Number of protein chains: 2
Amino acid sequence: MHGRCHKPRRSRRARRRGAVRMFLQPCLLTLLRRGPAHGYSLLSGLTDFGFEVERMDPSVVYRMLREMESQGLVVSSWDADSLGPQRRVYRLTAAGEETLRDWIADLRRTRAEIDALLQAYEQTTTN
Amino acid sequence: MHGRCHKPRRSRRARRRGAVRMFLQPCLLTLLRRGPAHGYSLLSGLTDFGFEVERMDPSVVYRMLREMESQGLVVSSWDADSLGPQRRVYRLTAAGEETLRDWIADLRRTRAEIDALLQAYEQTTTN
DNA sequence: TTGTCTATTGATAAATTGTCAATAGACAAA
DNA sequence: TTTGTCTATTGACAATTTATCAATAGACAA
């Protein structure tokens, strides 16, 4: 048939509730903290943080990486000795480290807010 | 001067990171679980969950309430014996209770994901 | 020489959130 | 009694974030 492996047709499913906004960014920053990496390997690494990578569109990750680069949080270069197509290798910058620190603080706060709600819920369990 | 109390000019500040998407909805549902209430009182109740109510635009809350009503999660009626302007009193429906249960499950999952990231961060503390 | 896999880019639609402006009843002060 | 202020609500629209689809391209295997 056509030269397309027809994907499982990620059918318009309801967006997940309760997810953290822009959560992708701190996840990528954390992964890059372990060392330089390119988009595709970062994509797989996201499973660690609860992403369902199979259902994710890779363009989401690439877009975020390029945006992060435009903000100076990462820098990219072409991997010299790679087989296959050229791939961009991303590396964390000092600014990226700092932004990640801010993110961590925000996430602790967010966690506390979620806890507040969960506790409020449990306390008013009327049924 | 004009009949407007000039607000502190909620100046275009960077949107907070690390907030949960649509967090407002489960907060309102939880507040309504304690009993019927109208928009303005719900607005104040949000402080419990980390919202900075002074900086919030009330229209955000009203919009959410109306959307929740259109989804059948709450029903509203006009408060008969209210002083001042008429106000809509919202009451939680069975569907609302159920949606809140789903939210709680989602939020527990979200919290687990945040924890995973925080742990990953702490484990790779290279500096 | 066609197809498949990895890797990346771009455009656009849809959903969510933020901001501003307007209306309206009650009440207090001038 | 008219002006202003407070509570309460609605509507419109801009900005941001997220999802989806379509396309390109090198390497390699059949």
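Just above, that's the structure.
Let us look at the structure shown here. (Residues numbered from 1 in each chain as written. Chains lettered and ligands numbered in written order. Predicted model: local features only at pLDDT ≥ 70, side-chain atom pairs only at ≥ 80, totals over all residues. Heavy atoms only, no water.)

### A look at the overall build of chain A
(1) Moving on: Assigned secondary structure in chain A consists of four helices and three strands.
(2) Moving on: For chain A, the sequential pattern of α-helices and β-strands runs α-β-α-α-β-β-α.
(3) Moving on: Taken across its 127 residues, chain A has 43% of its residues classed as buried.
(4) Moving on: Residue pairs at least 24 apart in sequence account for 51% of intrachain contacts in chain A once pairs closer than 6 positions are excluded.
(5) Moving on: As displayed, chain A offers around 7900 Å² of accessible surface, 51% of which is attributable to carbon and sulfur atoms. (Helix = DSSP H or I, 4+ residues; strand = E, 2+ residues; numbered from the N terminus. Buried < 20%, exposed > 50% of the residue type's maximum accessible area, 1.4 Å probe, protein only. Contact = heavy atoms within 4.5 Å. Areas by Shrake-Rupley, 256 points an atom, 1.4 Å probe, with all protein chains shown as cover.)

### Considerations on unusual backbone geometry
(1) Moving on: Non-glycine residue A:Met22 carries a positive phi angle of around 60°.
(2) Moving on: For A:Met22, a relative accessible area of 40% puts it in the partly exposed group.

### Remarks on the nonpolar core
(1) Moving on: In this structure, A:Leu28, A:Leu46, B:Phe23, B:Leu28, B:Leu46, B:Phe49 and B:Phe51 are the most contacted members of the largest nonpolar core, which totals 65 residues.
(2) Moving on: Those residues in contact with B:Phe51, other than ones at most four positions away along the chain, are B:Phe23, B:Leu24, B:Cys27, B:Leu46 and B:Met56. (Core = buried A, V, L, I, M, F, W, Y, C linked by side-chain atoms within 4.5 Å.)

### Quick word on helix H1 (residues 24–33) of chain B
Residue and element names in this part refer to chain B.
(1) Moving on: The element H1 is extensively covered by neighbouring structure, given that ten of its ten residues are classed as buried.
(2) Moving on: Inspection of H1 places Leu 24, Gln 25, Pro 26, Cys 27, Leu 28, Leu 29, Thr 30, Leu 31, Leu 32 and Arg 33 among the buried residues, and these make up the whole buried set.
(3) Moving on: Positive phi appears at Gly 35, one or two residues downstream of H1, with a value of about 145°.

### Here's the deal with the side chain of B:Glu113
(1) Moving on: Within the secondary structure, B:Glu113 sits in helix H4 (residues 94–123).
(2) Moving on: Among the polar contacts listed, one links the side chain of B:Glu113 to the side chain of A:Arg16, at a separation of 3.3 Å.
(3) Moving on: Beyond its immediate sequence surroundings of up to four residues, B:Glu113 is in contact with A:Arg16, A:Phe23, A:Phe49 and A:Gly50. (Polar contact = N/O pair within 3.5 Å; in protein donor to acceptor, adjacent residues only side chain to side chain.)

### Looking at the relation of the copies chain A and chain B
(1) Moving on: Take chain A, turn it by 180°, move it 0.0 Å along the axis, and it overlays chain B with an RMSD of 0.1 Å. In short, the pair behaves as if placed about a two-fold rotation axis. Measuring from the rotation axis to each C-alpha of chain A, the shortest distance belongs to A:Val20, at 2.1 Å.
(2) Moving on: The fraction of interface residues of chain A whose copies in chain B are also interface residues reaches 100%, indicating that both copies meet through the same surface. (Least-squares fit on C-alpha atoms with pLDDT ≥ 70 in both.)

### Considering the environment of B:Leu117
(1) Moving on: Residue position: B:Leu117 is located in helix H4.
(2) Moving on: Judged by relative accessible area, B:Leu117 falls into the buried class, the value being 0%.
(3) Moving on: Among all residues touching B:Leu117, those that are not within four sequence positions of it are A:Phe23, A:Pro26, A:Cys27, A:Thr30, A:Phe49 and A:Leu107.

### Brief notes about the interface of chain A and chain B
(1) Moving on: Taken together, the 42 residues of chain A in the interface contact 42 residues of chain B.
(2) Moving on: Summing both sides of the interface, chain A and chain B together bury roughly 4300 Å²; the carbon and sulfur share of this comes to 56%.
(3) Moving on: Three residues, A:Arg17, A:Arg21 and A:Tyr121, lead the burial of chain A against chain B; their summed loss comes to 18% of the area buried on that side.
(4) Moving on: Where chain A packs against chain B, one counts nine salt bridges.
(5) Moving on: Here B:Arg17 and A:Asp106 are joined by a salt bridge, their closest N and O atoms 3.2 Å apart. (Buried area = accessible area lost by both parts, 1.4 Å probe. Salt bridge = Lys/Arg side-chain N within 4 Å of Asp/Glu carboxyl O.)

By themselves these figures say nothing about function.
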